[in-house]
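Here is how the chains run, residue by residue.
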Amino acid sequence: MKNLKARTQKLKVVLTKLGRWVSHSSLPEVFLISSFLIDRWVVNSDITYPHDMYLPLLLFAALVSGVYYLYLLVLRRNFAAHIASLLLSYVGIYAYQPLLVNRVGKLLVRLPHGSSPFTQSVVVVLVLALIFGLIGLSIDQLIARIKQLQHLQLHKILMFVIVFIFVWEGAQAADRLWDIRHELSYRYPAPTVQKSAATTSKPDIYFLMYEDYADATTLQRVNNYDNSPLFSYLASQGFANRQTGAYSNYPFTTSSLSSMLAMNYFPDLQAQFGKDGPWQTTFPYRSIINNPPFAQIVKQNGYTYNQVSSWWENSRIHIQADNQPTMGYRFNFLKWHFYLGDLSRDIINKSVLSPWLKKGITLGHTTLIKYDRDYNPMENLQVQTNALKAIANQADAAGPQFTFGHIMVPHTPYIFKPDGSLADYDGEHNDDGIPETEKYANQAAYVNQNIQEVVGYIRQHDPKAVVILQSDEGSYPPQFRYVQQPGHYFNPLDLPVPDMQQKFGILASYYLPGLDAKTVSNQLSSPVNVLPFVLNNYLGYTIPRLPECHFATGNKFNLYNYTLVTQQLTGQAASAACNQYK
């Protein structure tokens, strides 16, 4: 009994010392801001790798630690420093951009009228630092004068609450990591196809995927937009066009793009992950997109793999390409650089770190720290266009090239008018300003100009190249205007047939030199067969043609349970062979 009491007493002493050490350090600030970041990751853990959060955690931890120690130096009161730094860490640092849109934030921004975002941010933070410093000092002095408040031990209560929140969020993250561990560690098998003939030619291959680009029937029926001029132009360039009846194999980007690049359907993924609950992750699909089987095959044939990245994380970071000329959201530190994932990018862009890191710190000609290549969607399209032209320019000198370009239009945000000027209406899935159908048509009209510009340039400078124009999915019917959360997302299976056809209907146009356009159009009735067709006809492979199958998944969070919908889409019974893929 005495030994137990002695051990208990020692433990109490240790915990007391530990608590005192924590309360006299910047750990409460680090714990608080880390709790917000961890919570953001948990909510987005279906699409964001855990290690993509390391950099934001380090940046914010360093910044809020500096804030605490500066307050402690100035105020010389530990509790006052904690109150002030906790307030400033959240309001003035983490939630800086949301602050600017409310009344107080707009007032603070007016103080340095006409100045740069960096100067504005410095002034706003200094004003907030003064206000919160006074608040912290006032609370500390109030406690010192009122004995009842002293007995409450508010300092200990505050520390306990912060540590409890941090531990709770950490436990939630650990639980989520355990749930998704198999999906995180999954790697799609390497391709095993064998060549059956010697390669007679190695044309450059451009696979340009236009996000959410609808088929011609949908554009006419839903958007009152005639897309025949685009197809007339493409036909004049030798393209085989599928203006009607072109449907994606899967209804969402990750599954559809993965299927095209893997040149296969995914019964194995359903067997492994279909029972993983209602909140599945994209990581098995991303293992395909990160290192596409098609890219692996052409690289074995001497090709260089170029990834013309979009602003979307899944086709931007962790890609095992030889070149990524358009990869954005770069963080530079001394001689190292890192590319932020979508969640890390959004967290930094909504914080005070955005104007500060974009300003950066340079010593002579050496960049110490800087955040750059922060392309907005309009800039990203122009950067991608320039990159594709640059690749076409080096066609004769660089050896065979495989270029995958994920072009994130006409996907939202709806930022383009038909002439390419910036839209003056809300760019999201709604009817604010003008009907969404008109927003989409405006964006498609400008995208068509871009397609003609890019195709014309490639055909002029790389005339022997294979060019694939294809979208991953069609435009979104209005039923999908919901918050994207597990259990709260519209199920494609519940769509009426015309809306299902809208969701699956895609752009599909191919330039395959030396092949008859009608033959190409007839044989390429399914996106999953397009890249195998290229390998068979140009690189000496004999990959079997897969049946035309179209599968719906439950929603964007139930990604590995497939339901065959070919008959609903096409009005014709699916091949019996499709049953093996669901």
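Check the entry above for the structure.
Predicted, not measured: the structure shown is a model, and the values here were computed from it.

Moving on: the overall build of the protein chain. Each helix and strand in the protein chain was counted, giving 23 helices and twelve strands. In terms of its C-alpha atoms, the protein chain occupies a principal-axis envelope of roughly 90 × 65 × 50 Å. Per-residue burial over the protein chain gives 53% buried out of 582 residues. Long-range pairs, those at least 24 residues apart, make up 75% of the contacts in the protein chain between residues at least 6 apart in sequence.

Time to look at the packing of aromatic side chains. Counted under the stated rule, the structure contains 28 aromatic pairs. Each ring, one from Y250 and one from F551, has its centre 5.6 Å from the other, and the planes form 25°; the classification is stacked. Pair noted here: Y250 is in the loop between β2 (240-241) and α12 (253-262) and F551 is in strand β11 (residues 551-555), with a separation of 301 residues, a long-range link. Exposure remark for F551: the relative accessible area of 0% places this residue in the buried category. Here the aromatic residues Y186, Y188, Y250, Y265, F266, F273, Y285, F551, Y560, Y562 and Y581 are joined through ring pairs into a cluster of three or more.

What follows concerns the side chain of N314. Position of N314 among the secondary structure elements: in the loop between β3 (304-308) and β4 (330-333). Classification of N314 as buried rests on a relative accessible area of 2%. The contact partners of N314, leaving out residues within four places of it in the chain, are I47, T254, T282, R286, I289, N290 and I319.

Attention shifts here to the side chain of E29. Among the structural elements, E29 can be located in helix α2 (residues 27-43). We note that E29 is buried and unpaired, the nearest opposite charge coming from R77 at a distance of 16 Å.

So, on to the packing of α2 against helix α3 (residues 54-75). Two measures define how a pair of helices packs: the angle their axes make with one another and the distance between the axes. The interhelical angle for the contact between α2 and α3, taken along N-to-C directions, is 150°, at an axis separation of 9 Å. In terms of crossing hand, the pair formed by α2 and α3 is right-handed. Across the interface between the two elements, E29, V30, I33, S34 and L37 of α2 pack against P56, L57, F60, A61, V64, S65 and Y68 of α3. When grouped by side-chain class, the residues that make up the contact of α2 with α3 number nine nonpolar, two polar and one charged.

Geometrically, the link from V409 to P410 is a cis peptide bond, its omega value of 10° lying close to zero. With respect to the element layout, P410 can be found in the loop between β8 (401-407) and α19 (436-461). Here the bond from T412 into P413 is cis, since omega is 5°, no more than 30 degrees from zero. Within the secondary structure layout, P413 lies in the loop between β8 and α19.

Under the definition given, this model contains one disulfide. Note on cysteine connectivity: C549 is disulfide-linked to C578, with sulfurs 2.0 Å apart. Since a negative S-S torsion denotes a left-handed disulfide, the C549-C578 link at about -90° is left-handed. One end of the pair, C549, is in the loop between α22 (530-538) and β11; the other, C578, is in the segment after α23 (566-570), and 29 residues separate them in sequence. By relative accessible area, which is 0% here, C578 ends up buried.

Turning to the sheet that holds strand β7 (residues 366-372), a few remarks are in order. Strand order in the open sheet formed by four strands is β5-β4-β7-β6, with antiparallel pairing between adjacent strands. Strands with a single pairing partner mark the edges of an open sheet, and in this sheet they are β5 (336-339) and β6 (361-363). For this sheet, the mean inter-axis angle between neighbouring strands, taken without regard to orientation, is 20°.

So, on to the packing of α2 against helix α4 (residues 78-94). Between α2 and α4, the shortest axis-to-axis distance is 9 Å and the interhelical angle comes to 30°. As the angle between them shows, α2 and α4 are arranged roughly parallel. Crossing geometry of α2 relative to α4 is assigned as right-handed. Contacts between α2 and α4 pair P28, E29, L32, I33, F36, L37 and R40 from the former with A81, H82, S85, L86, S89, Y90 and Y94 from the latter. In the contact of α2 with α4, the residues fall into nine nonpolar, three polar and two charged.

Moving on, we get to helix α9 (residues 154-185). Between its terminal C-alpha atoms α9 stretches 45 Å, which fits the 46 Å expected from 32 residues at 1.5 Å a residue. The axis of α9 is deflected most strongly, by about 50°, at D179. Of all the residues in α9, the buried ones are M159, I162, E169, A173, R176, I180, E183 and L184.

Glancing now at the pairing of strand β9 (residues 466-470). Two faces belong to every sheet, and in a regular strand the side chains alternate between them. With respect to burial, β9 is a largely interior element, five of its five residues being buried. Judged by which residues are buried, β9 turns out to be covered on both faces: V466, I468 and Q470 on one side and V467 and L469 on the other are all buried. With five bridges joining them, strand β1 (residues 205-210) and β9 adopt parallel strand pairing. Within β9, the position partnered with F207 by the bridge is I468. Pairing between β9 and strand β10 (residues 508-511): four bridges, direction antiparallel. When the bridges of β10 are listed, Q470 appears paired with A508.

Attention now moves to the sheet that holds β8. Pairing in this open sheet of six strands is mixed, and the strands run β2-β10-β9-β1-β8-β3 from one edge to the other. Each edge of the open sheet carries a strand with a single partner, namely β2 and β3. Pairing analysis gives five bridges linking β3 to β8, with the strands arranged parallel. Within the sheet, the bridge partner assigned to Q307 lies in β8 and is F404. Against the sheet, α12 engages β1, β8 and β9, with an angle of about 165° to β1. On top of the sheet, helix α18 (residues 377-393) reaches β1, β3 and β8; it is set at about 165° to β8, its chief contact.

The next thing to look at is the pattern of salt bridges. This structure, assessed with the given rule, holds 13 salt bridges. The partner of R286 in a salt bridge is E313, and the shortest N-O contact between them spans 2.6 Å. Remark: E313 occurs in the loop between β3 and β4 and R286 occurs in helix α14 (residues 283-290); sequence separation between them is 27 residues. Under the relative-accessibility criterion, R286 is labelled buried at 0%. Close ionic contact of D342 with R345 constitutes a salt bridge, the shortest N to O distance being 3.4 Å. Taken together, the residues span about one helical turn, with D342 and R345 both in helix α16 (residues 342-349) at a distance of three residues. For the pair D342 and R345, a shared accessibility class is recorded, and that class is buried.

Basis of the calculations
- All residue numbers refer to position in the chain's written sequence, counted from 1.
- Only residues with pLDDT of 70 or above have their local features reported here, since the model is predicted, and side-chain atom pairs are shown and tallied only from 80 upward, although totals for entire chains, interfaces and linings are computed over all residues.
- Side-chain measures were taken over the full set of non-hydrogen atoms in the model, leaving aside hydrogen atoms and water.
- For helices the rule is a DSSP run of H or I covering at least 4 residues; for strands it is a run of E covering at least 2, with both sets numbered from the N terminus onward.
- Type-normalised accessible area, obtained with a 1.4 Å probe on protein chains alone, sets the label of each residue: buried when under 20%, exposed when over 50%, and partly exposed for intermediate values.
- Any two residues whose heavy atoms approach within 4.5 Å are treated as being in contact.
- Any pair of Phe, Tyr and Trp rings, taking the six-membered ring for Trp, is counted once the centres come within 6.5 Å. Such a pair is stacked with planes under 30 degrees apart, edge-to-face with planes over 60 apart, and tilted for the rest.
- When charges are counted, Lys and Arg are positive and Asp and Glu negative, with His and the chain ends excluded.
- Salt bridge criterion: a side-chain nitrogen from Lys or Arg within 4 Å of a carboxyl oxygen from Asp or Glu.
- Throughout, an axis means a line fitted to C-alpha atoms (over the contacting stretch in the case of helices), and angles, computed between N-to-C directions, take values from 0 to 180 degrees.
- Each crossing gets its handedness from the near helix: less than a right angle anticlockwise from the far helix is left-handed, clockwise is right-handed.
- Residue type decides the class: Asp, Glu, Lys and Arg count as charged, Ala, Val, Leu, Ile, Met, Phe, Trp, Tyr, Cys and Pro as nonpolar, and the leftover types, Gly among them, as polar.
- Two cysteine sulfurs form a disulfide in these notes if their separation is within 2.5 Å.
- We call two strands paired when DSSP finds no fewer than two bridges between them.
- Small angles under 35 degrees read as roughly parallel and large ones over 145 as roughly antiparallel, with 65 to 115 read as roughly perpendicular and the rest as oblique.
- An expected span of 1.5 Å times one less than the residue number is assigned to each helix.
- Given a residue, its bend is the angle between the two axes fitted to the seven residues that end at it and to the seven that start from it.

Taken by themselves, the reported measurements are silent on function.
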